[in-house]
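Chain by chain, the residues:
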Amino acid sequence: MGKYNYSRKGLKGLTPFPFLGEVKTRVKAIQAAPDTIPQSVYNANILAKSLHPAVQHVKIAKVEDHGGAKSFTLVPDKARGTEKMAYFRASQYVSVSLNINGAPVNKPYTIRSNPKDALGSGDTSYTLTIKLTDPAYASAHILSTWKEGDQVDISGPLGDFYYQDLRDAKQVVAIAGGSGITPFYSMAAAIADGIEDFDLTILYGSRTAGGILLKDEIEAVAARSKGRVKVIHVLSHEEKEGFEHGFITAELIRKYAPQGDYSVFMCGPKAMYTFEEGEMKKLGLPKRRYRMEMSGDYLGAAQNADFPGSKKGKEYRLTVDIRGEKQTIPCKAEESLLWAMEQAGIKAPSHCRSGECGWCHSRLVSGDVYIPEDADGRRMADKKFGWIHPCCSFPLSDIELAIYPTE
Ligand code: FES
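In this text the structure is predicted, and so the values were computed from the model without any measurement.

**What about the overall build of the protein chain?**
(1) Moving on: Within the protein chain, the regular secondary structure consists of nine helices and 19 strands.
(2) Moving on: Relative to a compact globule of 407 residues, whose C-alpha radius of gyration would be 22 Å, the protein chain shows 27 Å and is clearly more extended.
(3) Moving on: Expressed as a percentage of contacts within the protein chain between residues at least 6 apart in sequence, the contacts between residues at least 24 apart total 70%.
(4) Moving on: Charge separation in the protein chain, taken as the distance between the mean sites of 52 positive and 49 negative side-chain charges, equals 9 Å.

As structure tokens, this is what we get:
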């Protein structure tokens, strides 16, 4: 073998001459190739795009009326380029693009359906269950105008109100108020189908037994969950056998909570969260053990104790700068900068509308704003360099704001 660590016997008789022809062949192939830069897309990018599409073009395939609420089944609009619905985690939401009397608005709605319905390459769908809210605005528009066959644009799945086994206990108590049942329906269906692996006890608050949204549907899912999902109905305005009565108090939670460690997830109106925060303290639950679904408009900022009283009822001028093009519009102290822009017909970016997602991230060029502490999702660098979330910023003076819409 000498200095080589392989046998040279097989190479005997080989000369470089046959390879010289290869150079000519290669040059010929290069000259015949098209004069463009080759494109390549990484599989990771293809996967990321399918999981997080910027927009999903959908059609309304079915409308179901629940009385005061409707369920809309959305399917991909292949004619407009959406082949399948993006997969989602149970309890995520999409933001729906609307045009309400000339105001371009994005509103978040929970995907109520089973994540299984968006799996695979065959027929895929989402279901949104939307209830008439008080005050009514986008929900009233949707409930009165959406019909089968309509085309709608929605975002990819968003939000992190889903179960995360590294963060959450294996047993979850859900507190739902009214249409706040929607994320828990999705979780329950995912548990029943083995997509999610945790136990769920749902304390579901409604005013009366007759007004329980999705009652039959949620009970049917619980029945096929092999005991992993339990539903307890709590009526605030009616006493009836077989139902709990009153509010969802610490005492009631204790009565139905599983033994040992558990997390509490809540979805409902802001007043419910304020009440339940007190109940969590009574239960002695650490902050990491309870979470609230926050997507949706921040209402009642001017009623917060730290909102400057002298500014109530004031109207200011908001100058909006979109890549050098400026427009000045009115804005009221009680209304968010995002709301003021939408009402003026400005297509400002937004998704969650609650200060969490950062999609509306804009630069405060001048002026003062009130930002509620419980909706201040900015990073330290944002605060230092004057970036705000207009969805949760309320004017306290004339404002100049630079926004960065993307198509
Ligand atoms: S829209 Fe999500 S932070 Fe403003």
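**Description of the layout of surface pockets**
(1) Moving on: Counted as a void, the second largest pocket has a volume near 740 Å³.
(2) Moving on: Looking at the second largest pocket, it is lined by 29 residues, and the ones nearest its centre are Ala54, Ser97, Asn106, His351 and Thr406.
(3) Moving on: Elements with a contribution of two residues or more to the lining of the second largest pocket: strand S3 (93–100), strand S4 (103–110) and strand S6 (151–154).
(4) Moving on: For the lining of the second largest pocket, the element with the highest residue contribution is S3, accounting for four residues.
(5) Moving on: Partitioned by chemical class, the residues of the lining of the second largest pocket number 14 nonpolar, 10 polar and five charged.

**Here's the deal with the domain arrangement of the protein chain**
(1) Moving on: Looking at the assigned domains, one finds that the protein chain contains domain 1 (47–154), domain 2 (171–292) and domain 3 (301–403).
(2) Moving on: Look at where the C-alpha atoms of domain 1 and domain 3 centre, and you get two points 27 Å apart.
(3) Moving on: The interface is formed by 10 residues belonging to domain 1 together with 12 residues belonging to domain 3.
(4) Moving on: Here domain 1 meets domain 3 over a buried area of about 820 Å², counting both sides, of which 53% is carbon and sulfur.
(5) Moving on: Between the two partners, domain 1 and domain 3, sit zero salt bridges.

**Here we look at the sheet that holds strand S9 (residues 229–235)**
(1) Moving on: Read from one edge of the open sheet, six strands run S10-S9-S8-S7-S11-S12, paired in parallel fashion. The open sheet is flanked by strand S10 (244–245) and strand S12 (290–292), the only strands paired with a single partner.
(2) Moving on: Sitting on the sheet, helix H5 (residues 215–223) touches strand S8 (199–206) and S9, and the angle it makes with S9 is about 150°.
(3) Moving on: Contacts between helix H7 (residues 270–283) and the sheet are confined to strand S7 (171–177), strand S11 (263–267) and S12, with S11 contributing the most and set at about 165° to the helix.

**Description of the sheet that holds strand S13 (residues 315–322)**
(1) Moving on: On the basis of which strands lie adjacent, the open sheet formed by five strands has the order S14-S13-S19-S15-S17 and mixed pairing. The sheet terminates laterally at strand S14 (325–332) and strand S17 (387–388), the two strands that pair on one side only.
(2) Moving on: Relative to S17, strand S15 (residues 362–366) is paired through two bridges, and the arrangement is antiparallel. Considered in S17, the bridge of Ser362 is made with Ile388.

**A short note on the packing of aromatic side chains**
(1) Moving on: The full count for this structure, using the stated rule, is 12 aromatic pairs.
(2) Moving on: In this structure an aromatic cluster arises from ring pairing among Tyr298, Phe307, Tyr370 and Phe394.
(3) Moving on: Positioned above the aromatic ring of Tyr185, the side-chain terminus of Arg112 is 4.7 Å from the ring centre.
(4) Moving on: Against the face of Phe265 rests Arg291, its NZ or CZ located 4.9 Å from the ring centre.

**Brief notes about the nonpolar core**
(1) Moving on: One finds Phe184, Leu200, Ile202, Ile253, Val264, Met266 and Met280 to be the most contacted residues of the largest nonpolar core, which totals 51 residues.
(2) Moving on: For this core, the leading source of residues is helix H4 (residues 182–192), giving eight residues.
(3) Moving on: Those residues in contact with Leu200 that sit more than four places away from it in its chain are Val172, Ala174, Phe184, Met187, Ala188, Ile191, Arg228, Val229 and Lys230.
(4) Moving on: If you look at the next biggest cluster of nonpolar residues, it comprises 30 residues, including Ala301, Ala302, Cys331 and Ile403.

**Notes on the environment of Ile100**
(1) Moving on: In this fold, Ile100 is placed in strand S3.
(2) Moving on: A C-alpha to C-alpha distance of 9.1 Å links Ile100 and Gln343, two positions 243 residues apart in sequence.

Quick notes on the rules
Residues numbered from 1 in each chain as written. Predicted model: local features only at pLDDT ≥ 70, side-chain atom pairs only at ≥ 80, totals over all residues. Heavy atoms only, no water. Helix = DSSP H or I, 4+ residues; strand = E, 2+ residues; numbered from the N terminus. Rg over C-alpha atoms; globule rule 2.2 N^0.38 Å. Contact = heavy atoms within 4.5 Å. Lys, Arg positive; Asp, Glu negative; His and termini not counted. Charge placed at Lys NZ, Arg CZ, Asp CG, Glu CD. 1 Å grid on protein atoms, 1.4 Å probe; cavity = no way out; pocket = protein on both sides within 12 Å on 5 of 7 lines; lining within 4 Å. Points joined across faces, edges and corners; volume = space filled by probe spheres on them. Nonpolar A, V, L, I, M, F, W, Y, C, P; charged D, E, K, R; others polar. Domains from an automatic or database assignment. Buried area = accessible area lost by both parts, 1.4 Å probe. Salt bridge = Lys/Arg side-chain N within 4 Å of Asp/Glu carboxyl O. Pairing = 2+ DSSP bridges. Axes fitted to C-alpha atoms, helices over the stretch in contact; angles between N-to-C directions. Phe/Tyr/Trp six-rings, centres within 6.5 Å; stacked < 30°, edge-to-face > 60°. Lys NZ or Arg CZ within 6 Å of the ring centre and 35° of its normal. Core = buried A, V, L, I, M, F, W, Y, C linked by side-chain atoms within 4.5 Å. Buried < 20%, exposed > 50% of the residue type's maximum accessible area, 1.4 Å probe, protein only.

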